[in-house]
Amino acid sequence: MSQTIALRLRTLTLLLLAVAGVLLAGAAPASAHAALTGSDPQQGVVVDKAPSQVSLTFSEQVAMSDDSLRVLDPKGNRVDTGKPANVSGTTYAVRLHSGLPDGTYTVAYQVVSADSHPVGGAYTFSIGAPSKTSATVGDQTVGGGIVGALYGVGRYVSYAGFIVLAGGAAFVLACWQRGSGVRAVQRLVVSGWLALTAATLALLLLRGSYTTSGKIGDVFDLTLLGQVLQTKSGAALVSRLLLLAAAALFVAVLFGEYQKRADDEKRDLTFGLAIGGTVVAVGLAASWAMAEHASTGLQPGIAMPVDVVHLLAVAAWLGGLAALLVALYRAPAETPIEPAAVRRFSRLAFGSVLVLVATGTYQSWRQVGSWSALTDTRYGQLLLIKIALVLLMVGIAATSRRWTGRLAETATTKVSAKARAKVAAAAGRKSGTDATTEAGADSKTGSGKGGAGKAGAGKAVGKAEAGKAGAGGKDAAKGKTGGKAQPGGKAAKGEAARRAAQLARQQAAVDTARQKRLRDADPHRFGLRRSVLMEAGVAVVLLVVTTVLTQTEPGRTETEAKAATSSSSPSSSSAAGAVTLDMPFDTGGKDGKGVVRIDIDPARVGGNELHIFALGTDGRLRDVAELKISFTLATKNIGPLPVTPEHVTTGHWVASGVQIPMAGDWKVEATVRTSDIDQVSVTKNAQIG
């Protein structure tokens, strides 16, 4: 390798490592995937009467423990009683003591979202009037600290281990069966198994502290470990450990009995290993799908199988690439990787890329949901980086395919040259045999007399030689009986044997080194090595980005949470006095989520005009089966006053001449029906008059 090429490769490697470092630095702590979208009492509000409970609404279902929701008085004492309960949908509440005095109260929460990530926060509200408070809730940024960092490292290592284990084994079975006897490939696959097993054990121990206190001392708390085992994430980690036991047996057979068999005896065992390995790999991939993004949100029944297929395609491509890189650089000279094996992997990688494009497109739509979320959220931005890296890898892979084609042409040329040389040698041997046969025939055609004379002379010579042989035999007999044995004869023979063995080993080493030099001198193989190395470097960064994505709040969830948070704030008024209310709804059925927007103009006593809009989760206007509005003034026992708006166009209803009899804090209720059976009512207060 020239100094210029080596310098370029070092520069590229440093650049890729720097990018990976930046991404890793920005990845912790893990982003929460459930967001607080509403509360009662609301943040910062001052209520006249002490509430009987505090309720929190999240963007998705969460898991709560006994201490997940706490309410503290101005002195820092807890005033909640009982365990938090799920009152409806994604709303959770805890009861309060009766007769609470005036002052500022602090609400602290720490829960686990449906996709296994911890969520924490705190806010205040006041009864009667605000007051000073000494309540402290500690650091509510859960998932950080030493435990959070270790948990993040464990996630990276577990993904990398799975990719190397599954992809390396698939490469051996599908592309290069002779690689099962190559020590470097064996070490690669076994290291993937060890990394995944160690990381899974570490994640299981860290899980309890990661989702609660965040203290390193709680890592070995058996009580927390017992709680973890009862959760969805704990079950997934235990399932992964059991599957890894089966994977250990698979690896033992692959690099034991399988590599000892001849090529023609491997067919049945190859089929069995392929079936068993596929089952284990699918199970391992499902241990992620059942506990993370795919298990919650939109279409989980479709998303989880798609996520499994996506992970398997990633492993086949990137893990196979790692095995190919090891084979190109570390395979012994007597067992080099054949061009046919490289071509088989090229086809496997191409198929994996097609699968990744299909499954990745679905996952992107599901997790992002809109073009604005693709550019305005961290998840969308990371997804764009991932897409760019995949395109870069595909471009480098195309270069590798060209080098593979040239390498195959070179191998075909060499085979043809060897075949021609064998044919020429065979022809030469045949010519020599014919010449010898003709010479023998000529000697038989000599005169009979001459032949007889020669035969007689031969007999005489034979007698003379026999006499010499007899004399020699006598001398040998004398030497045998009267001669002395040469000292050190056996030692000399042993020394000669050792020297011969040493020379044979040296000659074998020289031959191996010569074969390796000849192999490495091939410019096509060198070009393939270089392109595969670059591809592997990009794959490392791609793996980092993918792991960060699994810890980042999806763009769809972030956008919906922002919309819900803004709509839960007090109503907004324009300069002309009109009031706009945004009320998120979820009927629970298909396409049951959205937002109802109500414009009340001029929001005063007397006649008002209402414009009602129904928006989908993508922010576009949509129709619903039925929409009704009502107004209630509870302080005066007025209402509900029903309003039946007229549908004028897609997602737009209008009601004119709506009479509001007096000023006050009116409760506006919207009833939305999205199907024959899916209906929900949502409310919000607005100051009118």
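On a predicted model such as this, the values are computed, not experimentally measured, just so you know. (Residues numbered from 1 in each chain as written. Predicted model: local features only at pLDDT ≥ 70, side-chain atom pairs only at ≥ 80, totals over all residues. Heavy atoms only, no water.)

S.K.: Would you take a moment to explain the sheet that holds strand S14 (residues 626-633) for this structure?
M.R.: Sheet strands pair by backbone hydrogen bonding; their relative direction is either parallel or antiparallel. A sheet is described by the order of its strands in space; here four strands give the open sequence S15-S14-S18-S19, paired in antiparallel fashion. Looking at strand neighbours, the two that pair on one side only are strand S15 (638-643) and strand S19 (679-688), the edges of this open sheet. Across the sheet, the axes of successive neighbouring strands diverge by a mean angle of 20°, strand direction being ignored. The sheet contact formed by strand S18 (residues 664-673) and S19 spans ten bridges and is antiparallel. Across the sheet, the residue bridging to Glu 669 is Thr 683, located in S19. (Pairing = 2+ DSSP bridges. Helix = DSSP H or I, 4+ residues; strand = E, 2+ residues; numbered from the N terminus. Axes fitted to C-alpha atoms, helices over the stretch in contact; angles between N-to-C directions.)

S.K.: Quick question: what am I supposed to make of the packing of helix H3 (residues 183-211) against helix H5 (residues 232-254) here?
M.R.: As a packed pair, H3 and H5 sit with axes 10 Å apart at the nearest point and diverge in direction by 160°. Between H3 and H5, the interaxial angle falls into the category roughly antiparallel. As H3 packs across H5, the resulting crossing turns out to be left-handed. For the pair H3 and H5, the contacting residues are Val 189, Val 190, Trp 193, Leu 196, Thr 197, Thr 200, Leu 201, Leu 203, Leu 204 and Arg 207 in the first and Ser 233, Gly 234, Leu 237, Val 238, Arg 240, Leu 241, Leu 244, Ala 247, Ala 248 and Val 251 in the second. (Parallel < 35°, antiparallel > 145°, perpendicular 65-115°, else oblique. Left-handed = near helix turned anticlockwise from the far one by under 90°. Contact = heavy atoms within 4.5 Å.)

S.K.: Whenever I open this one, the side chain of Asp 73 confuses me. Can you help?
M.R.: Residue placement: Asp 73 occurs in the loop between strand S5 (69-72) and strand S6 (80-88). Within the structure, Asp 73 has its side chain in polar contact with the backbone nitrogen of Asn 77 (distance 2.8 Å). (Polar contact = N/O pair within 3.5 Å; in protein donor to acceptor, adjacent residues only side chain to side chain.)

S.K.: In this structure, what is going on with the side chain of Asn 608? I would like to understand it.
M.R.: Relative to the helices and strands, Asn 608 resides in strand S13 (residues 606-615). Given the relative accessible area of 3%, Asn 608 is considered buried. For Asn 608, the side chain forms a polar contact with the main-chain nitrogen of Ala 603, separated by 2.8 Å. When neighbours within four sequence positions are excluded, Asn 608 is seen to be in contact with Ile 600, Asp 601, Pro 602, Ala 603, Ala 655, Ser 656, Gly 657, Val 658 and Ile 660. (Buried < 20%, exposed > 50% of the residue type's maximum accessible area, 1.4 Å probe, protein only.)

S.K.: Would you take a moment to explain H5 for this structure?
M.R.: One turn of an α-helix holds 3.6 residues; hence residues three or four places apart share an orientation. The end-to-end C-alpha distance of H5 is 32 Å, a good match for the 33 Å that 23 residues give at a rise of 1.5 Å each. When we look at burial in H5, the residues that qualify are Ser 233, Gly 234, Ala 236, Leu 237, Arg 240, Leu 244, Ala 247, Phe 250, Val 251 and Leu 254. Structurally, H5 contributes buried residues whose contacts are with helix H2 (145-174), H3, helix H4 (222-229), helix H6 (257-260) and helix H7 (267-289). (Expected span 1.5 Å × (residues − 1).)

S.K.: Explain the sheet that holds strand S3 (residues 53-58) here, please?
M.R.: The four strands lie next to each other as S1-S3-S7-S6, forming an open sheet whose pairing is antiparallel. Edge strands, defined here as strands with exactly one partner in the open sheet, are strand S1 (36-40) and S6. Going from strand to strand, the sheet's axes swing by 20° on average, the running direction of each strand aside. Taken together, the five bridges between S6 and strand S7 (residues 91-96) define a ladder with antiparallel strand orientation. Note that in S7 the partner of Asp 80 across the bridge is Leu 96.

S.K.: Help me out: how do you make sense of the environment of Thr 359 in this one?
M.R.: For Thr 359, the location among the structural elements is in helix H9 (residues 339-368). A relative accessible area of 9% places Thr 359 in the buried class. Each C-alpha atom of the pair Thr 359 and Val 308 lies 9.6 Å from the other, and the pair is 51 residues apart in sequence. Ignoring anything within four residues of it in the chain, the contact list for Thr 359 reads Val 306, Val 309 and His 310. Within the structure, the side chain of Thr 359 is placed 3.4 Å from the backbone oxygen of Leu 356, a separation counted as a polar contact.

S.K.: Got a minute to help me understand the confidence of the model for the protein in this structure?
M.R.: Chain-level statistics for the protein give a pLDDT mean of 77 and a share of 75% at 70 or above. Of the regions scoring below 50 in pLDDT, residues 411-420 engages in one contact with residues more than four places distant in sequence or in other chains. This model gives residues 434-485 a pLDDT under 50, and the stretch forms one contact once residues within four places in sequence are excluded. (pLDDT = per-residue confidence, 0-100.)

S.K.: Before we go on, may I ask you to explain the packing of aromatic side chains in this structure?
M.R.: How two aromatic rings sit relative to each other is given by the distance of their centres and the angle of their planes. Tallied over the entire structure, the rule returns eight aromatic pairs. With a centroid separation of 5.7 Å and 70° between ring planes, the pair formed by Phe 171 and Phe 345 is classed as edge-to-face. Placement of Phe 171 in helix H2 and of Phe 345 in helix H9 is noted, with a sequence separation of 174 residues between them. Residue class for Phe 171 comes out buried when judged on its relative accessible area of 0%. Classification of Phe 345 by relative accessible area gives buried; the value is 4%. The ring of Trp 288 is capped by Arg 240, whose NZ or CZ atom sits 3.9 Å from the centre of that ring. (Phe/Tyr/Trp six-rings, centres within 6.5 Å; stacked < 30°, edge-to-face > 60°. Lys NZ or Arg CZ within 6 Å of the ring centre and 35° of its normal.)

S.K.: Any chance you could explain the pattern of salt bridges here in plain terms?
M.R.: Pairing is possible between side chains of opposite charge, provided their charged atoms come close. Applying the stated rule across the entire model yields seven salt bridges. For Arg 78, the salt bridge is made with Asp 67, and the minimal N-O distance between the two is 3.2 Å. With Arg 78 in the loop between S5 and S6 and Asp 67 in the loop between strand S4 (62-63) and S5, this pair connects stretches of sequence that are eleven residues apart. Residue class for Arg 78 comes out partly exposed when judged on its relative accessible area of 38%. For the salt bridge of Glu 626 with Arg 673, the shortest nitrogen-to-oxygen distance reads 3.0 Å. In this pair, Glu 626 is assigned in strand S14 and Arg 673 in strand S18, connecting sequence segments 47 residues apart. Exposure remark for Glu 626: the relative accessible area of 28% places this residue in the partly exposed category. Here the salt bridges share partners, and the residues they tie into one network are Asp 67, Arg 78 and Asp 80. (Salt bridge = Lys/Arg side-chain N within 4 Å of Asp/Glu carboxyl O.)

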